[in-house]
Amino acid sequence: MELGVIGLGRMGRIVVDRVLDGGHDVVAFDIDEDAVADAAAAGATPADSIPDLAEKLGAEKRIWLMVPAGDPVDAALDELDDYLDGDDVVVDGGNSYFQDSVRRAEFCPAAYLDCGTSGGPAGAELGFSLMVGGPEWAYDELTPVFDAVATNPSGHDHMGPAGSGHYVKMVHNGVEYALMQAYGEGFDLLANGRYDLDLESVARTWNNGAVIRSWLLELCEEAFREEGNDLGDVADHVAGGSTGTWTVQESLEQEVALPIIYQALAERFDSRNDGKFARRLANRLRYGFGRHDVVRND
Ligand SMILES: NC(=O)C1=CN([C@@H]2O[C@H](COP(=O)(O)OP(=O)(O)OC[C@H]3O[C@@H](n4cnc5c(N)ncnc54)[C@H](O)[C@@H]3O)[C@@H](O)[C@H]2O)C=CC1
Ligand SMILES: O=C(CO)[C@H](O)[C@H](O)COP(=O)(O)O
């Protein structure tokens, strides 16, 4: 099969390599010329624009978008619009909001597959886990590509109609936030509790047979090994948050309680709130009602 890949960053580049390794051909485009040259050096046919990519693909186009979620996806689809028809298939492998994918599937002239992708850049060797929504025939048609990009044939599946792939990935990320928070709290108590513990050793021991072993826990082990037991100069600041926010918004809309995922998201937002106003006010109110000392900044 010949696949057009648009977006050759951390994730798109892995898609290119794995699809080439799977014995397929790739036409590659990115707004960053160096990224295109790099993919060409790996064996892809370079394209210097989206129209050029579409023309190089010929009839029955199969195209994988791996650009940042939001406007870049709409921009790429706008440029592709004139070149697509109902025999073509477009895959969006990024972290798009599922409602955007439902809208895009309606307007895209090609069959549109929304593909939640998990595994991260560290998944280059193992392959990814792919959660695909959209028309079943298009999923079947792209199966050789999904086989190449995923860990193995069980690492991808058709979730349901338009939007369902990105919906499942959104919930996956909510779970990811909660797991990170749970590991964080456990290690916080171990770091600040009664015993002087080697946290890398704890993580390694847990990773070997414990109920709570996981890839995230392996990444905890790596973090303590590389940053030190106290995490060195790693800041108390967690970025990101869009997929977790969508998960929580959807839970409110569906009236399904997700207190742990919500709490993990709230903790993340709180990490960006230096000198939190609510805590400062509580500090001052204790003086107001109890004449307790106000702790003041130096
Ligand atoms: N990094 C990760 O761990 C994961 C990322 N994702 C999702 O995959 C998508 C891509 O992520 P990354 O590869 O990490 O981002 P990245 O920032 O490393 O790469 C994005 C690439 O898209 C290119 N680009 C931007 N606008 C473009 C346009 N209009 N036309 C062509 N190329 C364009 C950029 O030049 C860049 O090379 C995002 O939606 C992200 O949320 C999904 C799972 C894991
Ligand atoms: O999808 C992912 C992992 O599964 C991406 O790494 C994503 O960026 C994580 O979300 P956030 O940036 O909100 O932490």
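Residues numbered from 1 in each chain as written. Chains lettered and ligands numbered in written order. Predicted model: local features only at pLDDT ≥ 70, side-chain atom pairs only at ≥ 80, totals over all residues. Heavy atoms only, no water.

K.L.:
Before we go on, may I ask you to explain the UniProt feature "active site" (unreviewed entry) in the chain in this structure?
P.N.:
UniProt records the feature "active site" (unreviewed entry) at Lys-169 and Glu-176, using the numbering of this structure. In the annotated set above, the residues contributing to the lining of the largest cavity are Lys-169. Mapped onto the elements, Lys-169 comes out in helix 7 (residues 164–192). Here Lys-169 falls in the buried class, since its relative accessible area comes to 5%. Apart from the residues within four sequence positions on either side, Lys-169 is in contact with Asn-95, Gly-116, Thr-117, Ser-118 and Met-131. A distance of 2.9 Å separates polar atoms of two side chains, one belonging to Lys-169 and the other to Asn-95. Secondary-structure assignment places Glu-176 in helix 7. Accessibility expressed as a relative area gives 27% for Glu-176, which makes it partly exposed. (UniProt positions renumbered as here; feature names shortened; annotations may be inferred. 1 Å grid on protein atoms, 1.4 Å probe; cavity = no way out; pocket = protein on both sides within 12 Å on 5 of 7 lines; lining within 4 Å. Helix = DSSP H or I, 4+ residues; strand = E, 2+ residues; numbered from the N terminus. Buried < 20%, exposed > 50% of the residue type's maximum accessible area, 1.4 Å probe, protein only. Contact = heavy atoms within 4.5 Å. Polar contact = N/O pair within 3.5 Å; in protein donor to acceptor, adjacent residues only side chain to side chain.)

K.L.:
For this particular structure, what's the right way to read the site of ligand 2?
P.N.:
Residues in close proximity to ligand 2 include Asn-95, Lys-169, His-172, Asn-173, Glu-176, Tyr-177, Gly-240, Gly-241, Ser-242, Thr-243 and Arg-268, which together make up its full environment. Taking Asn-173, its side chain carries an N or O atom lying 3.1 Å from an oxygen atom of ligand 2. Gly-241 places a main-chain nitrogen or oxygen 2.8 Å from an oxygen atom of ligand 2. Across the complex, the protein chains shield 63% of the 360 Å² of accessible surface that ligand 2 would expose by itself. Of all the elements, helix 7 adds the most residues to the shell around ligand 2, at 5 residues. Of the residues belonging to the shell around ligand 2, the class tally is 1 nonpolar, 7 polar and 3 charged. (Near = heavy atom within 4 Å. Areas by Shrake-Rupley, 256 points an atom, 1.4 Å probe, with all protein chains shown as cover. Nonpolar A, V, L, I, M, F, W, Y, C, P; charged D, E, K, R; others polar.)

K.L.:
Honestly, the UniProt feature "domain: 6-phosphogluconate dehydrogenase C-terminal" (unreviewed entry) in the chain in this entry has me stumped. Any pointers?
P.N.:
As recorded in UniProt, the sites labelled "domain: 6-phosphogluconate dehydrogenase C-terminal" (unreviewed entry) are residues 165–294. Strand forms 0% of residues 165–294 and helix 68%; the C-alpha atoms that close the span are 52 Å apart.

K.L.:
I'm lost on the domain arrangement of the chain in this one. Help?
P.N.:
One widely used convention gives an interface's size as the accessible area the parts lose upon coming together. Taken as a whole, the chain is organised into domain 1 (2–161) and domain 2 (169–270). Computed from C-alpha atoms alone, the centre-to-centre distance between domain 1 and domain 2 is 30 Å. On the side of domain 2, 8 residues touch domain 1, which itself brings 10 residues to the contact. Between domain 1 and domain 2 the total buried area reaches about 730 Å² when both faces are included, carbon and sulfur atoms providing 68% of it. On the domain 1 side of the interface with domain 2, the three residues burying the most area are Asn-95, Tyr-97 and Phe-98, jointly 53% of the side's total. In this assembly, domain 1 and domain 2 are joined by 0 salt bridges. Joining domain 1 to domain 2, the criterion identifies 3 residue pairs in polar contact (both at pLDDT 80 or more). A per-element tally of the side of domain 1 that touches domain 2 places strand 6 (residues 111–118) first, with 3 residues. (Domains from an automatic or database assignment. Buried area = accessible area lost by both parts, 1.4 Å probe. Salt bridge = Lys/Arg side-chain N within 4 Å of Asp/Glu carboxyl O.)

K.L.:
Sorry if this is basic, but what is going on with the layout of surface pockets here?
P.N.:
Where empty space is left can be seen by rolling a probe of water-molecule size over the atoms. As a volume, the second largest pocket reaches approximately 220 Å³. Forming the walls of the second largest pocket are Phe-277, Arg-280, Leu-281, Asn-283, Arg-284, Val-294, Val-295, Arg-296 and Asn-297. (Points joined across faces, edges and corners; volume = space filled by probe spheres on them.)

K.L.:
Any chance you could explain the packing of aromatic side chains here in plain terms?
P.N.:
Counted according to the given criterion, the structure contains 7 aromatic pairs. Relative to Phe-98, the ring of Tyr-97 has its centre 5.2 Å away and its plane inclined at 65°; by these criteria the two rings are edge-to-face. Residue Tyr-97 is classed as partly exposed on the basis of its relative accessible area of 23%. A relative accessible area of 10% places Phe-98 in the buried class. Here a set of aromatic residues connected by ring pairs shows up, and it is made of Tyr-97, Phe-98, Tyr-167 and Trp-246. Its end group placed over the ring of Tyr-177, Arg-268 keeps NZ or CZ at 3.7 Å from the ring centre. Against the face of Tyr-287 rests Arg-291, its NZ or CZ located 4.5 Å from the ring centre. (Phe/Tyr/Trp six-rings, centres within 6.5 Å; stacked < 30°, edge-to-face > 60°. Lys NZ or Arg CZ within 6 Å of the ring centre and 35° of its normal.)

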